[in-house]
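# Descriptive structure summary
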Amino acid sequence: MGSRIGRRVALLLFLLTFIAVVGTLGAHRSPLRAQGARPNILVILTDDQPTLGSLGYMPNVNALIRDQGIQFFRGHIANPLCCPSRAALLTGQYSHNNGVWDNQGDLAEPALDATIDNTLGAWLQQAGYRTAYVGKWLNNAPEKVYPGWTHFVRLWEGFYDYAINFDSPERRWFTAGQNQIECALVGAPFSAAGCYSTDYLAGVSTRIIREFAADSQPFFLVYAPYGPHSSQPEDPFNQVVPVPASRHHGSVDPSVTPVPDGGNSYRFCCDLGLLADRPVFWRNRAATDSQVFDQAFHRRYWARMAETLMSVDDGVGRIMTTLQEVGVLDNTVVVYYSDNGHMIG
(Lines give C-alpha, C1' and ligand atoms only; values in the text may rest on other atoms or scores of the structure.)
Protein backbone atom coordinates (compact mmCIF):
# COMPACT_ATOMS: atom_id res chain seq x y z
CA MET A 1 0.00 0.00 0.00
CA GLY A 2 2.81 2.40 0.87
CA SER A 3 4.44 2.00 -2.54
CA ARG A 4 1.13 2.73 -4.30
CA ILE A 5 0.66 5.91 -2.29
CA GLY A 6 4.23 6.87 -3.09
CA ARG A 7 3.61 6.44 -6.81
CA ARG A 8 0.47 8.56 -6.61
CA VAL A 9 2.33 11.32 -4.80
CA ALA A 10 5.18 11.17 -7.32
CA LEU A 11 2.86 11.51 -10.31
CA LEU A 12 0.80 14.26 -8.72
CA LEU A 13 4.03 16.07 -7.87
CA PHE A 14 4.96 15.76 -11.56
CA LEU A 15 1.72 17.53 -12.50
CA LEU A 16 2.18 20.13 -9.77
CA THR A 17 5.69 20.76 -11.09
CA PHE A 18 4.18 21.61 -14.45
CA ILE A 19 1.83 23.98 -12.70
CA ALA A 20 4.60 25.63 -10.72
CA VAL A 21 7.09 25.88 -13.58
CA VAL A 22 4.84 26.46 -16.56
CA GLY A 23 2.22 28.51 -14.77
CA THR A 24 -0.40 28.77 -17.45
CA LEU A 25 0.08 28.17 -21.17
CA GLY A 26 -2.94 30.30 -22.01
CA ALA A 27 -2.91 32.99 -24.64
CA HIS A 28 -2.12 35.91 -22.33
CA ARG A 29 0.49 34.56 -19.92
CA SER A 30 -2.01 35.28 -17.13
CA PRO A 31 -1.38 33.94 -13.64
CA LEU A 32 -3.66 31.25 -12.25
CA ARG A 33 -6.85 32.93 -11.15
CA ALA A 34 -6.34 32.64 -7.42
CA GLN A 35 -3.53 31.60 -5.14
CA GLY A 36 -4.14 27.98 -4.23
CA ALA A 37 -6.81 27.47 -6.89
CA ARG A 38 -6.62 24.04 -8.44
CA PRO A 39 -6.06 24.46 -12.17
CA ASN A 40 -7.64 22.48 -14.95
CA ILE A 41 -5.16 20.27 -16.80
CA LEU A 42 -5.25 19.58 -20.54
CA VAL A 43 -2.84 17.02 -22.00
CA ILE A 44 -2.58 16.91 -25.82
CA LEU A 45 -0.94 13.62 -26.77
CA THR A 46 -0.02 12.98 -30.40
CA ASP A 47 1.09 9.66 -31.84
CA ASP A 48 4.55 9.16 -33.39
CA GLN A 49 5.30 12.87 -33.88
CA PRO A 50 9.00 13.59 -34.53
CA THR A 51 10.77 16.75 -33.45
CA LEU A 52 12.45 17.20 -36.84
CA GLY A 53 10.67 20.35 -38.06
CA SER A 54 7.14 19.06 -37.46
CA LEU A 55 6.08 22.08 -35.41
CA GLY A 56 6.73 24.23 -38.47
CA TYR A 57 3.33 23.09 -39.77
CA MET A 58 1.45 23.83 -36.54
CA PRO A 59 0.84 27.58 -36.12
CA ASN A 60 -1.78 27.15 -33.39
CA VAL A 61 0.48 24.94 -31.27
CA ASN A 62 3.28 27.47 -31.69
CA ALA A 63 1.27 30.63 -31.02
CA LEU A 64 -1.15 29.38 -28.36
CA ILE A 65 0.99 26.91 -26.42
CA ARG A 66 4.74 27.01 -27.14
CA ASP A 67 5.14 30.79 -27.42
CA GLN A 68 3.04 31.36 -24.32
CA GLY A 69 4.85 28.84 -22.15
CA ILE A 70 7.95 26.69 -22.08
CA GLN A 71 9.37 24.31 -24.67
CA PHE A 72 11.51 21.47 -23.38
CA PHE A 73 14.26 20.60 -25.86
CA ARG A 74 15.60 17.59 -23.96
CA GLY A 75 12.44 15.71 -23.16
CA HIS A 76 12.79 11.95 -23.31
CA ILE A 77 10.30 9.09 -23.42
CA ALA A 78 11.37 6.26 -21.14
CA ASN A 79 10.19 3.56 -23.58
CA PRO A 80 9.45 5.12 -26.99
CA LEU A 81 6.58 2.95 -28.17
CA CYS A 82 2.87 3.76 -28.14
CA CYS A 83 1.72 1.39 -25.36
CA PRO A 84 4.67 1.73 -22.95
CA SER A 85 4.70 5.51 -23.30
CA ARG A 86 0.96 5.81 -22.59
CA ALA A 87 1.23 3.36 -19.70
CA ALA A 88 3.93 5.60 -18.20
CA LEU A 89 1.57 8.58 -18.41
CA LEU A 90 -1.21 6.63 -16.69
CA THR A 91 0.94 5.11 -13.95
CA GLY A 92 3.94 7.38 -13.43
CA GLN A 93 6.09 4.25 -13.67
CA TYR A 94 8.80 2.88 -15.94
CA SER A 95 8.07 -0.24 -17.98
CA HIS A 96 9.90 -2.52 -15.55
CA ASN A 97 7.44 -1.46 -12.85
CA ASN A 98 4.13 -1.19 -14.70
CA GLY A 99 4.85 -4.28 -16.83
CA VAL A 100 4.06 -2.69 -20.21
CA TRP A 101 7.12 -3.18 -22.44
CA ASP A 102 5.65 -3.53 -25.92
CA ASN A 103 2.63 -2.80 -28.12
CA GLN A 104 1.43 -6.38 -28.49
CA GLY A 105 1.19 -9.63 -26.58
CA ASP A 106 1.55 -10.25 -22.87
CA LEU A 107 4.04 -7.38 -22.55
CA ALA A 108 1.44 -4.85 -23.73
CA GLU A 109 -1.83 -3.66 -22.16
CA PRO A 110 -2.75 -6.97 -20.42
CA ALA A 111 0.15 -6.39 -18.04
CA LEU A 112 -1.53 -3.16 -16.89
CA ASP A 113 -5.14 -4.32 -16.91
CA ALA A 114 -5.06 -5.83 -13.42
CA THR A 115 -4.25 -2.44 -11.87
CA ILE A 116 -5.91 -0.13 -14.40
CA ASP A 117 -8.18 1.27 -11.66
CA ASN A 118 -5.08 2.50 -9.84
CA THR A 119 -3.94 5.06 -12.41
CA LEU A 120 -3.91 8.79 -13.03
CA GLY A 121 -7.60 9.22 -13.89
CA ALA A 122 -8.71 7.51 -10.69
CA TRP A 123 -6.25 9.45 -8.54
CA LEU A 124 -7.42 12.79 -9.91
CA GLN A 125 -11.06 11.80 -9.44
CA GLN A 126 -10.26 11.07 -5.80
CA ALA A 127 -8.68 14.53 -5.62
CA GLY A 128 -11.96 16.10 -6.79
CA TYR A 129 -11.30 16.40 -10.54
CA ARG A 130 -13.68 15.54 -13.34
CA THR A 131 -11.72 13.52 -15.89
CA ALA A 132 -11.97 12.65 -19.57
CA TYR A 133 -9.88 10.61 -21.98
CA VAL A 134 -10.62 11.28 -25.66
CA GLY A 135 -8.74 9.42 -28.38
CA LYS A 136 -6.30 6.59 -28.82
CA TRP A 137 -5.93 4.41 -25.73
CA LEU A 138 -3.52 1.45 -25.44
CA ASN A 139 -3.11 -0.90 -28.38
CA ASN A 140 -5.24 -4.06 -28.25
CA ALA A 141 -6.70 -3.21 -24.85
CA PRO A 142 -9.98 -4.99 -23.98
CA GLU A 143 -13.15 -3.31 -25.18
CA LYS A 144 -14.65 -1.77 -22.07
CA VAL A 145 -15.10 1.51 -20.23
CA TYR A 146 -12.07 1.96 -18.01
CA PRO A 147 -12.41 3.24 -14.44
CA GLY A 148 -11.19 6.67 -13.44
CA TRP A 149 -12.82 8.64 -16.25
CA THR A 150 -15.97 10.75 -16.11
CA HIS A 151 -15.98 10.43 -19.90
CA PHE A 152 -14.08 7.71 -21.72
CA VAL A 153 -14.13 8.19 -25.51
CA ARG A 154 -11.82 5.67 -27.08
CA LEU A 155 -10.71 5.71 -30.71
CA TRP A 156 -10.11 2.39 -32.43
CA GLU A 157 -7.25 3.30 -34.77
CA GLY A 158 -7.97 4.97 -38.08
CA PHE A 159 -8.60 8.25 -39.88
CA TYR A 160 -11.68 7.78 -42.08
CA ASP A 161 -12.56 4.18 -41.19
CA TYR A 162 -12.61 3.74 -37.43
CA ALA A 163 -14.76 3.04 -34.39
CA ILE A 164 -15.46 4.92 -31.15
CA ASN A 165 -16.36 3.70 -27.67
CA PHE A 166 -18.36 6.63 -26.32
CA ASP A 167 -18.78 5.99 -22.56
CA SER A 168 -19.87 2.50 -23.55
CA PRO A 169 -18.26 -0.86 -24.39
CA GLU A 170 -20.27 -0.83 -27.63
CA ARG A 171 -18.45 0.46 -30.71
CA ARG A 172 -19.90 3.23 -32.85
CA TRP A 173 -18.60 2.75 -36.40
CA PHE A 174 -17.45 5.53 -38.70
CA THR A 175 -17.08 4.66 -42.38
CA ALA A 176 -15.43 6.61 -45.19
CA GLY A 177 -17.93 8.96 -46.83
CA GLN A 178 -20.54 8.55 -44.07
CA ASN A 179 -21.45 9.76 -40.55
CA GLN A 180 -22.16 13.35 -41.52
CA ILE A 181 -24.67 13.75 -38.68
CA GLU A 182 -22.18 12.58 -36.05
CA CYS A 183 -19.63 15.06 -37.40
CA ALA A 184 -22.18 17.90 -37.32
CA LEU A 185 -23.17 17.15 -33.71
CA VAL A 186 -19.67 18.02 -32.50
CA GLY A 187 -19.07 20.82 -35.01
CA ALA A 188 -16.44 18.88 -36.96
CA PRO A 189 -15.94 19.48 -40.70
CA PHE A 190 -17.27 16.83 -43.07
CA SER A 191 -16.09 16.06 -46.59
CA ALA A 192 -16.84 13.54 -49.29
CA ALA A 193 -14.13 11.37 -47.72
CA GLY A 194 -16.09 11.26 -44.46
CA CYS A 195 -15.69 12.37 -40.84
CA TYR A 196 -11.95 12.60 -40.14
CA SER A 197 -11.21 11.11 -36.71
CA THR A 198 -8.90 13.92 -35.55
CA ASP A 199 -11.62 16.50 -36.29
CA TYR A 200 -14.28 14.41 -34.58
CA LEU A 201 -12.23 13.89 -31.42
CA ALA A 202 -11.40 17.60 -31.22
CA GLY A 203 -15.13 18.34 -31.47
CA VAL A 204 -15.90 15.86 -28.70
CA SER A 205 -13.20 17.48 -26.56
CA THR A 206 -14.72 20.94 -26.97
CA ARG A 207 -18.15 19.63 -25.91
CA ILE A 208 -16.66 18.01 -22.82
CA ILE A 209 -14.82 21.23 -21.94
CA ARG A 210 -18.10 23.16 -22.12
CA GLU A 211 -19.78 20.57 -19.90
CA PHE A 212 -16.97 20.56 -17.36
CA ALA A 213 -16.60 24.36 -17.32
CA ALA A 214 -20.20 24.70 -16.13
CA ASP A 215 -19.21 22.89 -12.92
CA SER A 216 -17.15 24.26 -10.04
CA GLN A 217 -14.88 21.19 -10.04
CA PRO A 218 -11.54 21.39 -11.86
CA PHE A 219 -11.08 19.01 -14.78
CA PHE A 220 -8.39 16.87 -16.35
CA LEU A 221 -8.70 16.13 -20.08
CA VAL A 222 -6.47 14.03 -22.34
CA TYR A 223 -6.97 14.72 -26.07
CA ALA A 224 -5.15 11.95 -27.95
CA PRO A 225 -5.67 12.02 -31.72
CA TYR A 226 -4.37 9.21 -33.91
CA GLY A 227 -2.23 11.53 -36.02
CA PRO A 228 0.41 11.51 -37.24
CA HIS A 229 0.56 7.71 -36.87
CA SER A 230 0.84 5.83 -40.16
CA SER A 231 -2.18 3.98 -41.47
CA GLN A 232 -3.16 2.59 -44.85
CA PRO A 233 -0.83 1.96 -47.81
CA GLU A 234 -0.50 4.84 -50.25
CA ASP A 235 -0.72 3.65 -53.84
CA PRO A 236 1.14 3.21 -56.11
CA PHE A 237 3.96 2.61 -53.62
CA ASN A 238 2.04 0.21 -51.33
CA GLN A 239 3.82 1.68 -48.32
CA VAL A 240 2.18 2.62 -45.04
CA VAL A 241 2.08 6.36 -44.39
CA PRO A 242 -0.03 8.79 -42.32
CA VAL A 243 -3.39 9.74 -43.87
CA PRO A 244 -4.11 13.48 -43.81
CA ALA A 245 -7.57 15.03 -43.98
CA SER A 246 -8.67 15.55 -47.56
CA ARG A 247 -8.50 19.35 -47.13
CA HIS A 248 -4.77 19.11 -46.32
CA HIS A 249 -3.71 16.31 -48.66
CA GLY A 250 -1.10 17.56 -51.13
CA SER A 251 -0.32 20.72 -49.13
CA VAL A 252 3.30 19.70 -48.53
CA ASP A 253 5.72 19.09 -51.39
CA PRO A 254 7.74 15.93 -50.58
CA SER A 255 10.77 17.31 -52.41
CA VAL A 256 11.29 20.02 -49.78
CA THR A 257 10.95 17.81 -46.70
CA PRO A 258 13.98 16.96 -44.53
CA VAL A 259 15.72 13.61 -44.89
CA PRO A 260 18.15 11.82 -42.60
CA ASP A 261 21.86 11.76 -43.36
CA GLY A 262 23.41 8.70 -44.93
CA GLY A 263 23.02 8.77 -48.70
CA ASN A 264 20.08 7.47 -50.67
CA SER A 265 18.82 4.96 -48.10
CA TYR A 266 18.49 4.60 -44.37
CA ARG A 267 17.68 1.87 -41.88
CA PHE A 268 14.33 2.39 -40.17
CA CYS A 269 15.51 1.09 -36.82
CA CYS A 270 19.11 0.99 -35.91
CA ASP A 271 22.55 -0.61 -36.12
CA LEU A 272 21.96 -4.13 -34.79
CA GLY A 273 25.50 -4.26 -33.49
CA LEU A 274 24.60 -1.60 -30.93
CA LEU A 275 22.01 -3.95 -29.41
CA ALA A 276 24.34 -6.87 -28.69
CA ASP A 277 24.04 -6.44 -24.91
CA ARG A 278 20.29 -5.73 -24.92
CA PRO A 279 17.49 -8.18 -23.96
CA VAL A 280 16.68 -10.77 -26.58
CA PHE A 281 13.20 -9.45 -27.33
CA TRP A 282 14.68 -6.05 -28.23
CA ARG A 283 17.25 -7.66 -30.50
CA ASN A 284 14.54 -9.71 -32.21
CA ARG A 285 12.31 -6.69 -32.65
CA ALA A 286 15.14 -4.61 -34.08
CA ALA A 287 15.99 -7.34 -36.57
CA THR A 288 12.38 -7.44 -37.78
CA ASP A 289 11.93 -3.67 -37.92
CA SER A 290 15.27 -2.88 -39.52
CA GLN A 291 13.97 -2.42 -43.02
CA VAL A 292 15.91 -0.24 -45.41
CA PHE A 293 13.97 2.55 -47.11
CA ASP A 294 15.04 5.00 -49.74
CA GLN A 295 14.91 8.74 -49.28
CA ALA A 296 12.03 9.06 -51.75
CA PHE A 297 9.84 7.04 -49.39
CA HIS A 298 11.05 9.06 -46.42
CA ARG A 299 10.07 12.28 -48.18
CA ARG A 300 6.60 10.94 -49.02
CA TYR A 301 6.14 9.74 -45.46
CA TRP A 302 7.30 13.04 -44.01
CA ALA A 303 5.00 15.10 -46.27
CA ARG A 304 1.94 13.04 -45.33
CA MET A 305 2.95 13.23 -41.67
CA ALA A 306 3.16 17.03 -41.83
CA GLU A 307 -0.22 17.24 -43.56
CA THR A 308 -1.76 14.97 -40.91
CA LEU A 309 -0.43 17.27 -38.18
CA MET A 310 -2.24 20.19 -39.80
CA SER A 311 -5.54 18.68 -38.66
CA VAL A 312 -4.13 18.14 -35.17
CA ASP A 313 -3.23 21.83 -35.19
CA ASP A 314 -6.75 22.75 -36.32
CA GLY A 315 -8.10 20.78 -33.36
CA VAL A 316 -5.72 22.49 -30.95
CA GLY A 317 -6.99 25.84 -32.21
CA ARG A 318 -10.62 24.81 -31.60
CA ILE A 319 -9.86 23.48 -28.13
CA MET A 320 -7.90 26.56 -27.04
CA THR A 321 -10.62 28.84 -28.40
CA THR A 322 -13.23 26.88 -26.44
CA LEU A 323 -11.21 27.22 -23.22
CA GLN A 324 -11.19 30.97 -23.76
CA GLU A 325 -14.90 31.17 -24.67
CA VAL A 326 -16.01 29.40 -21.50
CA GLY A 327 -13.68 31.50 -19.34
CA VAL A 328 -11.28 28.82 -18.06
CA LEU A 329 -8.21 29.38 -20.23
CA ASP A 330 -6.37 31.40 -17.58
CA ASN A 331 -6.85 28.61 -15.07
CA THR A 332 -5.78 25.75 -17.34
CA VAL A 333 -2.35 24.16 -17.63
CA VAL A 334 -1.72 22.77 -21.13
CA VAL A 335 0.89 20.09 -21.80
CA TYR A 336 1.61 19.10 -25.42
CA TYR A 337 3.78 16.11 -26.26
CA SER A 338 4.02 12.94 -28.35
CA ASP A 339 4.15 9.35 -27.14
CA ASN A 340 7.36 8.89 -29.16
CA GLY A 341 9.24 10.38 -32.10
CA HIS A 342 9.12 7.33 -34.37
CA MET A 343 12.93 7.35 -34.85
CA ILE A 344 12.85 9.76 -37.79
CA GLY A 345 14.24 12.79 -35.99
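This text follows the structure it describes.
This text gives an overview of the structure that appears in the document. Predicted model only: the values in this text are computed from it and were never measured.

## Topic: the overall build of the chain
- Looking only at helices and strands, one finds 10 helices and 11 strands in the chain.
- Going through the 345 residues of the chain one by one, you find that 49% of them count as buried.
- For the chain, the share of sequence-separated contacts (at least 6 apart) that also reach a separation of at least 24 residues comes to 69%.
- Surface summary for the chain: the accessible area is close to 15,600 Å², and the carbon and sulfur share equals 54%.

## Re unusual backbone geometry
- Pro 228 follows Gly 227 through a cis peptide bond whose omega is 0 degrees.
- Residue position: Pro 228 is located in the loop between strand E6 (219-224) and strand E7 (233-234).
- With a phi close to 70 degrees, Asn 179 is a non-glycine residue in the positive phi region.
- Along the chain, Asn 179 falls in the loop between strand E5 (171-174) and helix H7 (180-185).
- The exposure class of Asn 179 is buried, given its relative accessible area of 13%.

## As for the state of the cysteines
- Following the criterion strictly, the structure yields 1 disulfide and no others.
- Two residues share a disulfide in this structure: Cys 183 and Cys 195, whose sulfurs sit 2.0 Å from each other. Because the sign of the S-S torsion sets the handedness, a value of about 95 degrees for the bond joining Cys 183 and Cys 195 places this disulfide among the right-handed ones. With Cys 183 in helix H7 and Cys 195 in the loop between H7 and helix H8 (197-213), this residue pair connects regions lying 12 residues apart in the sequence. Accessibility classification places Cys 183 together with Cys 195 in one group, the buried group.

Cut-offs and rules
- Along each chain, residue indices are assigned from 1 in the same order as the chain's sequence is written.
- Side-chain atom pairs in this predicted model are given and counted only at pLDDT of 80 or more, local residue features only at pLDDT of at least 70, and totals for whole chains, interfaces and linings cover all residues.
- Side-chain measures here rest on the full set of heavy atoms in the structure, leaving out hydrogens and waters.
- Runs of E in the DSSP output that reach at least two residues are strands. Runs of H or I that reach at least four are helices, and both are numbered from the N terminus.
- Only protein chains enter the accessibility calculation, which uses a 1.4 Å probe. A residue is then buried if its area is under 20% of the maximum for its type, exposed if over 50%, and partly exposed in between.
- Any two residues whose heavy atoms approach within 4.5 Å are treated as being in contact.
- To be clear on the numbers: accessible area is Shrake-Rupley with a 1.4 Å probe, and residue cover counts the displayed protein chains and nothing else.
- Throughout, disulfides are identified as pairs of cysteine sulfur atoms within 2.5 Å of each other.

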